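Tertiary structure, described
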Amino acid sequence: MTNEVTTPFYNYIVDGFPGFLDATPGNFLPLREEAFTRFKTLGLPTTKAEDWRYTNVQLFLKDPFTFSPVAGTVTETQLAPASIVGLDAYRVVLVNGHFQENLSTLPAIKGVTIEPLAAAATRPLVQEHLGQHIHLQDQPFAALNTALFTGGLFIEVAANVIVDKPIYLLNVYTTTHKNAFIQPRNLWIIHTNAALEIVESVLDLSDNGIVLVNGVTETIVKENAEFSHYNLQMAAKDGRYIHYTATEQEQYSRYHHFNFTLPAASFTRNNLSVALHGNYTESNMLGLYVANDAQHVDNHTFVDHLRPNCNSNELYKGVLLDSAKAVFTGRIHVNQIAQKTNAFQQNSNLLLSDKADINSQPQLEIYADDVKCSHGFTVGQFNQEALFYLRSRGIGEEAARNMLVGAFAYDITDQVKIPAVQDYIISHIEESIVIN
Amino acid sequence: MKNSNDIIDDIASKEYEFGFTTDIEMEIAPKGLSEDTIRFISAKKNEPEWLLQWRLKAYAAFLKMKMPAWQHFDMPQIDFQNVSYYAAPKQKKQLNSLDEVDPELLATFAKLGIPLNEQKMMTGVAVDAVFDSVSVATTYKGKLKELGIIFCSFGEAVQEHPELVKQYLGSVVPHSDNIFAALNAAVFSDGSFVYIPKGVRSPMELSTYFRINAENTGQFERTLIIADDDAYVSYLEGCTAPQRDENQLHAAVVEIVTLERAEVKYSTVQNWYPGDKDGKGGIYNFVTKRGICRGAHSKISWTQVETGSSITWKYPSVILQGDHSQGEFYSVAVTRNRQIADTGTKMIHMGKNTRSRIISKGISAGHGDNSYRGLVKIGPRAQSARNFTQCDSLLIGDQCGAHTFPYIESRNNTATVEHEATTSKIGEDQIFYLNARGIDTEKAVALIVNGYAKEVLNQLPMEFAVEAQKLLSITLEGSVG
């Protein structure tokens, strides 16, 4: 992949790099420079790149964006739309990636560290792990983030610490009369036998401008630790989000990743990469995307089975309305020594409009023989018989359709272990389904 | 009883039985590729000007193209200048009957078990035998002619039915489709041509047998099958090559056109020389096969058993243009030693109520690498289109790889597309069950593999099914996962 087309956005970044670099916090200079060289080599992807075959990201980078290294001011009342009713949780608020202590409620538990990544720069753990878990070689956006990230959160949970309540991590984005290019960077480390739940959400308070967010989250789940991550993407219209989530699991660890992409951000690209470095791990990756209008939702997942006896389970479901477009690429790689692997992957889609569009690539790449691996894909529309059944029992067409969509999404929503979050998502799905 | 390692070694060291060469006087074009080569071939075949121009156009396109890079294996360097593009058994005059064919040649085909002799009525298969680049004999021509069926070598078709060739040549696989198709279009030397007229059901299977014999040659044949309204034909293709240390290139093109309610069934048993156990030598089998269901209610069915070649790279595809048309793809691909197979299909749904079915079974042993790569595309006008895809992989030994890379693109909400894939090995419980019933491990494996591939083998015509089944058990004799 070479940068065959130089776009204004690419030129803006390359030309402005020395100046932008001065504005970045923390002492990560060698890493940033190396990553930037990588970014320049890769260039911005075109649809000729296999990973971007169905997503023309250039379309979403056409508008002029301004590199935005600073936080805006946000008040408590502005956060109201993003509150999840009945959620008993600690709260961390980031504005344009910058930690807001006055708006946050942190756990007062010994062994739990939550601070801006820049402030944690000198920690040996950060120096050891930052940038080490992402595949910079072929990920231009992750490389760009590594080169010029400005905010983000460092979370560390010490060995044997069970965080009693979930942490609600609210990403607030603001703009003022200009389109903003924002790059948060997170590093989360959950030590041996520890447990942590994070509920992550987005609140777009942009005023007269579009946000382009290019984030990276690296997580290390150590031996026998458990980490649940609920990522709720319900951003405002026009927003563009590219996110790379890289997780590394050590032996006996458990990782549950939930990704809900609901209206109305115009572009969402999620890369989820899980590397299984220990034996006997468990990974559950569940995703639900409901897209309407002209939304473009792209999920790329990669599970790398590097050690024997690991289980991975992946289920992504999508409901597409209007002229929404969805892309799913799931890749399972089983290393030659990863015997006794169980790896399952399924992608199912409901196309509820004749203009909606789905492209899917469920891939298996297997080099070990004693494994159980499967993948599946389906696309279809409402089961007319089910619809008829409901209607013949006096249920209106719209209500019947809502019921069927709810039932389709149930496989995912039922797995959500926090009741308040579950209710929140179900109500949002209902709101999103308006069939014209 | 042998332990599983011995058995895996056995598979790896299995000899290729068709590795002999035939000592026959050949006419071989000098190595190298240029416009002159193309003019030479065209002149040799006494071709009309339009065909030469078409070849030259393809050559121009070929020169502009780059080798593809999306495949799941390391693409070998192919020196297109180090290949001879024309090799033919030397013959002085036009042949009128089989008696005039070089006996050495007949002996070769007899050795391969190909019935060229029309007296042997029992098989009931009409054969067109292609030796290196030239069609040497076509059997049962007279009988087919009575029904209006044209079954002859491509060169003959160009001379005798230029209007049909001109109309359909390149209409499914354009001269600039991909680099190998362009190369084929530029230098193809012969192949088979089939035309089934309106309302005719071919009373027998038509068959082509390809053999590469000469050293340093490539085989570039081109097959064109046209089934007019309500016609039906079942077509078989088989191939072998001698054992050599260099890699040889085989870049064929097959085009199929079905009109209203017509049906073509195309079966391949591919057994080119696969190279030795270290991956030395073998055929690069880079083939473009595509059919178009132009008429409503027409059907194209591809069945393939791929056991040979050091690299197999082909995607027999169907363009479902006519409403209610059907496409099918059944495949068994076996890789062992250092063999690589990257194969699959494309089903392009364009018409209303079009249906397609894909069944792919991959078997990998030794250091083999087996990939399924397929595309199912539902166009915006393909109302109520239906696709079902199943691709299963069987791994024998822990040094091999099995991969699935499906691409699914749906642009119509009334379409239903299903895809499922599994990967597994031969279960110890299955072997144990058969052992307990007095069946030794080798036979048990053969049984299980044949059962695994049954869905595909069942699609083959009888004569071929027996051959394919034998081939499969020889290839995987006694394997325990």
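Here the structure is a predicted model, which means the values were calculated and not measured.

Glancing now at the overall build of chain A. Broken down by element type, chain A carries 7 helices and 21 strands. Whereas a compact globule of 436 residues would reach a radius of gyration of roughly 22 Å, chain A reaches 21 Å, a difference of no more than 12%. For chain A, the spread of C-alpha atoms along the three principal axes comes to 65 × 55 × 50 Å. With 436 residues in all, chain A has 52% of them scored as buried. A fraction of 85% describes how many contacts in chain A between residues 6 or more apart in sequence connect residues 24 or more apart.

So, on to the overall build of chain B. Helices and strands together make up the secondary structure of chain B, namely 11 helices and 24 strands. Per-residue burial over chain B gives 56% buried out of 481 residues. Taking the contacts inside chain B whose residues are at least 6 apart along the sequence as the reference set, 83% of them involve residues at least 24 apart.

Okay, helix 10 (residues 441-457) of chain B next. Between its first and last C-alpha, helix 10 of chain B extends 22 Å over 17 residues, near the 24 Å set by a 1.5 Å rise per residue. For helix 10 of chain B, the full list of buried residues reads A444, V445, I448, V449, A453, V456 and L457 of chain B.

To continue, consider the environment of L434 of chain B. Residues and elements named next belong to chain B. Take L434: it is sitting in helix 9 (residues 428-436). In this structure the C-alpha to C-alpha distance between L434 and V233, which are 201 residues apart in sequence, comes to 40 Å. Once residues lying within four places of it in the same chain are set aside, the contact partners of L434 are I439, A444 and L447.

Interfaces are often sized by the amount of accessible area the parts lose when they come together. Taken together, the 32 residues of chain A in the interface contact 29 residues of chain B. Residue contributions to the side of chain A that touches chain B peak at 10 residues, all from strand 20 (residues 357-366) of chain A. In terms of residue class, the side of chain A that touches chain B is made up of 13 nonpolar, 12 polar and 7 charged. For strand 21 (residues 372-380) of chain A and strand 24 (residues 416-425) of chain B, the ladder comprises 7 bridges, and the chain directions are antiparallel.

With that out of the way, let us pick up the UniProt feature "domain: SUF system FeS cluster assembly SufBD core" (unreviewed entry) in chain A. This chain's UniProt record puts "domain: SUF system FeS cluster assembly SufBD core" (unreviewed entry) on residues 175-408 of chain A. Segment residues 175-408 of chain A splits into 9% helix and 58% strand. End C-alpha atoms: 37 Å apart.

Time to look at the packing of helix 9 of chain B against helix 10 of chain B. Residues and elements named next belong to chain B. Interhelical geometry of helix 9 versus helix 10 gives an angle of 120° and a closest axis separation of 9 Å. Here helix 9 lies oblique to helix 10, going by the angle between them. Where helix 9 crosses over helix 10, the two elements pack in a sense that is right-handed. Along its contact with helix 9, which presents Q430, I431, L434 and N435, the element helix 10 presents T441, A444, L447 and I448. Residue classes in the contact of helix 9 with helix 10 are distributed as 5 nonpolar, 3 polar and no charged.

What follows covers the pairing of strand 17 (residues 311-320) of chain A. Residue and element names in this part refer to chain A. Counted residue by residue, strand 17 has 7 buried out of 10 residues, so it is predominantly covered. Bridging between strand 15 (residues 282-291) and strand 17 involves 10 bridges; their strand directions are parallel. What sits directly across from Y289, in strand 17, is G318. Note that strand 17 and strand 19 (residues 342-351) share 10 bridges and pair parallel. Bridging across to strand 19, S312 finds its partner in A343.

This paragraph deals with the nonpolar core. Counting residues in hydrophobic clusters, the biggest one holds 249 residues, and the most contacted among them are L320 of chain A together with V194 of chain B. A per-element tally of this core places helix 8 (residues 179-187) of chain B first, with 8 residues. Once residues within four sequence positions are removed from consideration, L320 of chain A is found in contact with A291, A326, N349, L350, L351, L352, S353, A356 and I358 of chain A.

All names here are of chain A. For strand 8 (residues 185-190), a buried count of 6 out of 6 residues is recorded, marking the element as mostly surrounded by other parts of the structure. Burial of strand 8 is two-sided: the residues R185, L187 and I189 facing one way and the residues N186, W188 and I190 facing the other way are all buried. Of the pairings in the sheet, the one linking strand 5 (residues 153-157) to strand 8 comprises 4 bridges and is parallel in character. Across the sheet, E156 pairs through a bridge with I189, a residue of strand 8. Pairing geometry for strand 8 and strand 10 (residues 211-221), over 6 bridges, is parallel.

By the criterion of burial, helix 5 (residues 384-392) of chain A is predominantly exposed, with just 0 of the 9 residues buried. Following helix 5 of chain A by one or two positions, G394 of chain A has its phi on the positive side, about 80°.

Bringing the confidence of the model for chain B into the picture now. Residues and elements named next belong to chain B. The predicted model of chain B has a mean per-residue pLDDT of 78, with 77% of residues at 70 or higher. Below pLDDT 50 for its whole length, residues 1-5 participates in 5 contacts with residues either more than four positions away or in separate chains. In the model, residues 92-96 has pLDDT below 50 throughout and makes 2 contacts with residues more than four positions away in sequence or in other chains.

This paragraph deals with the environment of L350 of chain A. Mapped onto the elements of the fold, L350 of chain A is located in strand 19. The spacing of L350 of chain A and A142 of chain A is 208 residues in sequence and 31 Å in space, taken between C-alpha atoms.

When you line up the elements, R386 of chain B lands in strand 22 (residues 386-396). Along the chain, R386 of chain B and Y372 of chain B lie 14 residues apart, while their C-alpha atoms are 20 Å from each other.

Our focus in this paragraph is unusual backbone geometry. Between P263 of chain A and A264 of chain A the backbone carries a cis peptide bond, its omega angle lying at 20°. Mapping A264 of chain A onto the fold places it in the loop between strand 13 (254-261) and strand 14 (267-276). If you check the backbone angles, N160 of chain A has positive phi at about 65° while not being a glycine. Along the chain, the position of N160 of chain A falls in the loop between strand 5 and strand 6 (167-173). Of note, the phi angle at H297 of chain B is positive, near 60°, even though the residue is not glycine. Following the sequence through the fold, H297 of chain B ends up in the loop between strand 13 (282-293) and strand 14 (299-306).

So, how was this worked out
- Residues numbered from 1 in each chain as written.
- Chains lettered and ligands numbered in written order.
- Predicted model: local features only at pLDDT ≥ 70, side-chain atom pairs only at ≥ 80, totals over all residues.
- Helix = DSSP H or I, 4+ residues; strand = E, 2+ residues; numbered from the N terminus.
- Rg over C-alpha atoms; globule rule 2.2 N^0.38 Å.
- Buried ≥ 20, exposed ≤ 12 C-beta atoms within 10 Å, placed from the backbone.
- Contact = placed C-beta atoms within 7 Å.
- Expected span 1.5 Å × (residues − 1).
- Nonpolar A, V, L, I, M, F, W, Y, C, P; charged D, E, K, R; others polar.
- Pairing = 2+ DSSP bridges.
- UniProt positions renumbered as here; feature names shortened; annotations may be inferred.
- Axes fitted to C-alpha atoms, helices over the stretch in contact; angles between N-to-C directions.
- Parallel < 35°, antiparallel > 145°, perpendicular 65-115°, else oblique.
- Left-handed = near helix turned anticlockwise from the far one by under 90°.
- Core = buried A, V, L, I, M, F, W, Y, C linked by C-beta atoms within 7 Å.
- pLDDT = per-residue confidence, 0-100.

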